[in-house]
Amino acid sequence: MTKELLSSQRSPLLPDRHPQRDLFVCDIVDAVPKGDISSMENPVFTLSTKPDMRTRRYERGENWIQVAPSRAGLATVHDRDVLIYCISQCMAALNDGQQVQRRMRFKAYDLLVATNRQTSGRGYELLKDALRRLQGTQIETNLRQGGKEYFKVFGLIDSAEIVKETRDGRMLDVEVTLSDWVFDAIENNHVLTLNRQYFKLRKPLERRLYEIARKHCGAQSAWKVGIKLLRDKCGSSSTLKEFRRLLGKIIEDDAEHDHMPDYAFVIEGDIVVVRPKEETRPTALPFLPSSLRLDPETHEEARRLAPGWDMHHLEGEWRSWVLEKGIAVKNPDKHFLSFCKKRGGYQR
């Protein structure tokens with residue numbers, strides 16, 4: 001069988017490496033996956049699967065972000081799994097009324113299972129490499145996060161320590177100290193829920209495209225972006241022609257396998273149109289009257305009133321309720337905030 005035929009038959013998804021999880025760790029590994037909004041919007045992580053030693057700078061309007069590697073290279077899209085796991089555990093703890101701290105300890109095995117990684121010796125070595133890159137990657141930016149404006153250099157994590165290690169080299173306990181950048185996102189609920197299938201996406205570009213769609217499209221009926229801007233937001237170093245080809249291949253694979261979670265992509269000339277897939281689109285949105293449009297800043301106040309909730313999900317519920325009951329809404333922003341206040345914090 002030829003290499004080309006094997007490639008065409010291979011699923012675009014990674015296998016489910018842990019279909020039957022240990023019931024003892026289910027509550028830990030099944031915490032709702034969440035990512036911080038700023039690194040979903042900006043190209044913090046490299047798409048390369050080989051050591052990336054380039055310093056990259058991304059500018060958008062007055063905002064800019066510069067990412068520099070350590071000797072181990074830039075943190076990769078797959079390294080981001082560690083941050084997603086840490087953020088998810090912290091948000092789950094907050095929703096249970098617990099306090100969280102920048103320094104957190106967890107079982108390496110739990111992280112590997114939760115993020116669909118190998119639990120072999122190779123899996124633990126890859127986790128060590130990810131911790132090195134996360135600690136070494138340096139970011140300088142003036143982006144705002146959690147009501148603060150940063151103009152300094154910092155790492156994605158401040159430190160990482162293997163607390164216990166078995167004789168065969170496998171980690172047991174890992175202790176990570178999150179950076180202010182990440183912890184501020186947690187404290188201010190500046191996070192979004194991710195589809196668990198994210199961890200089964202093979203290609204770094206597929207993961208990055210999903211993050212961008214989740215941030216910018218959300219529950220809207222559609223979001224349009226120029227293909228050049230999308231390439232830049234992905235952090236891709238490809239030419240426009242090559243990026244279009246790569247995106248086209250992902251769209252083609254998705255048409256055949258339906259492997260991309262939540263969102264579908266279409267190329268229309270030099271524009272990429274992103275739409276929620278039917279099964280994830282709130283039923284009320286296609287019939288949404290313009291009188292129910294919310295001010296973009298309303299979500300910030302809503303997050304304070306209803307901590308832990310996915311605002312797009314909560315907004316969809318509110319719209320469906322208003323339309324189903326035929327409620328006359330004079331001030332949609334005030335009405336939505338009242339809805340969020342009554343809903344309160346998310347109870348896991």
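Residues numbered from 1 in each chain as written. Predicted model: local features only at pLDDT ≥ 70, side-chain atom pairs only at ≥ 80, totals over all residues. Heavy atoms only, no water.

## So, the sheet that holds strand β14 (residues 271-276)
To keep it simple, the criterion reads: A pair of strands is labelled paired if DSSP reports no fewer than 2 bridges between them. Labels follow the DSSP assignment, with helices taken as runs of H or I lasting at least four residues and strands as runs of E lasting at least two, numbered in each case from the N terminus. Lines fitted to C-alpha atoms define the axes, with helix axes restricted to the stretch in contact, and inter-axis angles between N-to-C directions lie between 0 and 180 degrees. Throughout, a contact is declared for two residues whenever any of their heavy atoms are within 4.5 Å.
Ordered by their spatial adjacency, three strands build an open sheet running β12-β14-β13, and the pairing between neighbours is antiparallel. The open sheet has two edge strands with one neighbour each: β12 (223-226) and β13 (263-268). Strand-to-strand twist in this sheet, taken as the mean axis angle between neighbours without regard to direction, amounts to 25 degrees. One ladder, built from six bridges, connects β13 with β14; its direction is antiparallel. Within the sheet, the bridge partner assigned to Phe265 lies in β14 and is Val274. Docked against the sheet, helix α8 (residues 204-216) engages β12, β13 and β14, running at close to 95 degrees with respect to β13. With respect to the sheet, helix α10 (residues 240-257) is in contact with β13 and β14, its orientation differing from that of β13 by roughly 130 degrees.

## A short note on the side chain of His299
As for its placement among the helices and strands, His299 is situated in helix α11 (residues 298-305). Not counting residues within four places of it along the chain, the set of residues in contact with His299 comprises Leu294, Met311, His312, Glu315 and Phe336.

## Examining the environment of Gln66
We apply this condition: Burial status follows relative accessibility: with a 1.4 Å probe on protein chains alone, a residue under 20% of its type maximum counts as buried, one over 50% as exposed, and anything between as partly exposed. Counted as a polar contact is a pair of N or O atoms within 3.5 Å, where, for protein atoms, one must be capable of donating a hydrogen and the other of accepting one, and residues adjacent in sequence contribute only when both atoms are in side chains.
Mapped onto the secondary structure, Gln66 falls in strand β3 (residues 63-68). Overall, the relative accessible area of 26% leaves Gln66 in the partly exposed class. With residues up to four places along the chain from it excluded, the contact list for Gln66 reads Thr55, Arg56, Arg57, Gln138, Ile139 and Glu140. Here Arg57 takes part through its side chain, which lies 3.3 Å from a polar atom of the side chain of Gln66.

What is shown is where atoms sit, not what they do.
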